[in-house]
Amino acid sequence: MHDHKPTKTSRILGTETEFGIASKDAAAADPVSGSIAVIGHYPGLPAPQAIWDYENENPLLDARGFEVDGERERPNPDYNRQLNKVLANGGRLYVDGAHPEYSTPECTNPREVVAFERVGERILAQCLQHMAQANGREHYVLYKNNSDGKGNSYGYHENYLVARSVPFDRLVHVLAPFFVTRLIFAGAGKVGAENQTSPTEYQISQRADFFECLVDLNTMVKRPIVNSRDEPHADHAKFRRLHVIVGDANMAELSTYLKVGTLGIVLDLIESGAADLPQLDLDEPVRAIKQVSRDLDMRQTLKLAGGRPTTAVAVQRAYLHAAKNFYACHELDQVTKDVLVRWEDVLDKLERDPRLLVRDLDWVAKRHLIESYMDRKGCGWEDSRIKLMDLQYHDVRPDKGLFYTLERGNLIERVVRDSEVVRAEFTPPSGTRAYFRGRCVSKFAKSLYGASWTSVLFDVGNTTIKKVPLMEPLRGTEALTAELLDSAETADALLAKLKA
């Protein structure tokens, strides 16, 4: 799959996963210190002294055309190093709020995203393992999920670079019904309800109960289905970054692959001005997302704005149909073709009987695990062990996580090979600026002062820090920079060649 040459401009995409952190000590330090300690034990850092450069970051800009009040992050260098680890794969390991967080490097297709996201689980499992070895026992457990079951939700964010020429209102209008219904294949499954929503034994999505409005800049309170942060990490005049906070963090590769892949396809249609995109308006999207999350049999009707009834599967089919029409007369690459085939297959099975997807989707696999356990033990959904199973499905420790047990037993389908995941720990994606960033982190580790999405900073011993800007996400690729990086023995030599 590595030699695939995209025919259209590749879309830049990536994900950020906040991991739930639980302490085994009642008297433990606060979760911020815990998170800092955890990421500080990652053994695979080429340049542990590197800082994260916040200069081009402004999370306070709103895509609707204004900037909100607030403090931008500017930690001092020592604290910066504790909070941020720049990875050899071009990604970032850091502490955000009170959670360890892993961001994939910039990828160009959903298959890459799956591999680079999965290696994040392994990186955090290594952190825990090394911390336990150093301290003689385990202090913390990490979960790749979105809720601690005590009313706190934490995020999983997807990022897609979109042409600035597409009006933000257009994105909101086309994507709202898509987001509300996408969870039928992208939900991670959840026992119970939270955030004062209607009670249920089990639901499809971890995040759905926490959405309270349609559009907003917030990610922590009054969470919106469409987030309006306008921080492209690229040329502001050319790009906007669609910052998606409505998705669950998935364990199952197919759920991640379809979650990211289908949205990439819908964005292709929007950008190219496709005429037959679904004209759907849900009556109450915020209510609808909770309703879809509770519809385990895919039978409930959703109300459209005009009062017409529809279903979650029908809404997804409308987008799939538009995509098939579009690609009937446009070039499509192998990964896009694969996403279309699997999208259709999953919708067909969801309509027939969601249980057919027990090997494919998180929420179905988790439900099956729990129901089998309840049958064996003769207990019900309110049993305390069931809530624990829900959490344990997402435990990142390979020997403890229930998902990994399924995977080892060959009970869950894979999208990528193990070798692709292993490779993703130290090898950046070849088709984006992450290649240049990741190679610099590994090769010039001693001279690396810092990095960000849009720059690499070198300290080559004179008075000023030298900055190599990376504003163009599709520059800095292997094709454009491999020879340059291979031929430069030192950071000094690299900078001289870049100046030449």
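Visitor: Please clarify how the overall build of the protein should be interpreted in this entry.
Guide: Broken down by element type, the protein carries 15 helices and 20 strands. Taking 500 residues into account, the globule formula puts the C-alpha radius of gyration at 23 Å, and the protein, at 22 Å, falls close to it. If one aligns the C-alpha atoms of the protein with their principal axes, the spans along those axes are about 65 × 60 × 45 Å. Relative to its 500 residues, the protein shows a buried fraction of 59%. Counting only carbon and sulfur atoms, one obtains 51% of the accessible surface of the protein, whose full area is about 20300 Å². The averaged location of the 71 negative side-chain charges in the protein is 2 Å from the averaged location of its 64 positive side-chain charges.

Visitor: I'm lost on the nonpolar core in this one. Help?
Guide: Grouped burial of nonpolar side chains is what soluble globular proteins tend to show. Of all hydrophobic cores here, the largest spans 116 residues; its most connected members are Trp-343 and Leu-350. Apart from the residues within four sequence positions on either side, Leu-350 is in contact with Ile-184, Met-298, Val-313, Leu-357, Leu-361 and Trp-363. Val-441, Phe-444, Val-456 and Ala-488 belong to the second-largest nonpolar core, a separate cluster that totals 26 residues.

Visitor: Would you mind going over the sheet that holds strand β19 (residues 455–458) with me for this structure?
Guide: Strand pairing in a sheet relies on backbone hydrogen bonds, with the paired strands running either antiparallel or parallel. If you trace the four strands from one edge of the open sheet to the other, you get β3-β18-β19-β20, paired in mixed fashion. Looking at the sheet topology across the chains shown, the edges are occupied by β3 (51–52) and β20 (466–469). Of the strands in this sheet, β18 (448–452), β19 and β20 touch helix α13 (residues 434–443), which is tilted by about 25° from β19.

Visitor: Honestly, helix α7 (residues 312–328) in this entry has me stumped. Any pointers?
Guide: Working note: α-helix, 3.6 residues per turn, so residues spaced by three or four point in the same direction. Here α7 is 17 residues long and its end C-alpha atoms lie 25 Å apart, about the 24 Å a rise of 1.5 Å per residue gives. Along α7, the residues that are buried comprise Ala-312, Val-313, Val-315, Gln-316, Tyr-319, Leu-320, Ala-322, Ala-323, Phe-326 and Tyr-327. Packing partners of the buried residues in α7 comprise α4 (168–186), α5 (253–271), α6 (285–293), β16 (302–303), β17 (309–310) and α8 (334–352).

Visitor: Would you take a moment to explain the environment of Ile-51 for this structure?
Guide: Mapped onto the secondary structure, Ile-51 falls in strand β3. Taking the relative accessible area as the measure of exposure, Ile-51 reaches 9% and is therefore buried. Once the C-alpha coordinates of Ile-51 and Tyr-154 are considered, the two residues, 103 residues apart in sequence, prove to be 25 Å apart. Beyond its immediate chain neighbours, meaning those up to four positions away, Ile-51 contacts Pro-77, Asn-80, Arg-81, Val-86, Tyr-449, Gly-450 and Ala-451.

Visitor: Teacher, can you tell me more about the packing of aromatic side chains here?
Guide: The relative placement of two aromatic rings is captured by the distance of their centres and the angle of their planes. Tallying each qualifying case throughout the model produces nine aromatic pairs. Taken together, a centroid distance of 5.8 Å and an interplanar angle of 70° make the contact between Tyr-393 and Phe-403 edge-to-face. One end of the pair, Tyr-393, is in the loop between α10 (384–392) and α11 (402–408); the other, Phe-403, is in helix α11, with ten residues separating them in the sequence. Grouping residues by exposure puts Tyr-393 and Phe-403 together as buried. Put simply, the rings of Phe-178, Phe-179, Tyr-319 and Trp-343 touch in pairs and so form one group of aromatic residues. Over the aromatic face of Tyr-94 sits the side chain of Arg-92, whose NZ or CZ is 3.9 Å from the ring centroid.

Visitor: Help me out: how do you make sense of the side chain of Glu-194 in this one?
Guide: Residue placement: Glu-194 occurs in the loop between β11 (190–191) and β12 (202–203). Among the polar contacts listed, one links the side chain of Glu-194 to the backbone nitrogen of Gly-151, at a separation of 2.6 Å. In terms of polar contacts, Glu-194 uses its side chain to reach the side chain of Lys-190, at 2.3 Å.

Visitor: Hey, could you run me through unusual backbone geometry in this one?
Guide: Phi is mostly negative for residues that are not glycine, and the peptide bonds are mostly trans. Notably, Gln-196 is not glycine yet its phi reads approximately 55°, a positive angle. Of note, Gln-196 is situated in the loop between β11 and β12. For Gln-196, a relative accessible area of 80% puts it in the exposed group. Phi is positive for His-233, close to 55°, though the residue is something other than glycine. By secondary structure assignment, the location of His-233 is in the loop between β14 (223–227) and β15 (239–244).

Rules used throughout
Residues numbered from 1 in each chain as written. Predicted model: local features only at pLDDT ≥ 70, side-chain atom pairs only at ≥ 80, totals over all residues. Heavy atoms only, no water. Helix = DSSP H or I, 4+ residues; strand = E, 2+ residues; numbered from the N terminus. Rg over C-alpha atoms; globule rule 2.2 N^0.38 Å. Buried < 20%, exposed > 50% of the residue type's maximum accessible area, 1.4 Å probe, protein only. Areas by Shrake-Rupley, 256 points an atom, 1.4 Å probe, with all protein chains shown as cover. Lys, Arg positive; Asp, Glu negative; His and termini not counted. Charge placed at Lys NZ, Arg CZ, Asp CG, Glu CD. Core = buried A, V, L, I, M, F, W, Y, C linked by side-chain atoms within 4.5 Å. Contact = heavy atoms within 4.5 Å. Pairing = 2+ DSSP bridges. Axes fitted to C-alpha atoms, helices over the stretch in contact; angles between N-to-C directions. Expected span 1.5 Å × (residues − 1). Phe/Tyr/Trp six-rings, centres within 6.5 Å; stacked < 30°, edge-to-face > 60°. Lys NZ or Arg CZ within 6 Å of the ring centre and 35° of its normal. Polar contact = N/O pair within 3.5 Å; in protein donor to acceptor, adjacent residues only side chain to side chain.

Don't take any of this as a statement about function, it's just geometry.
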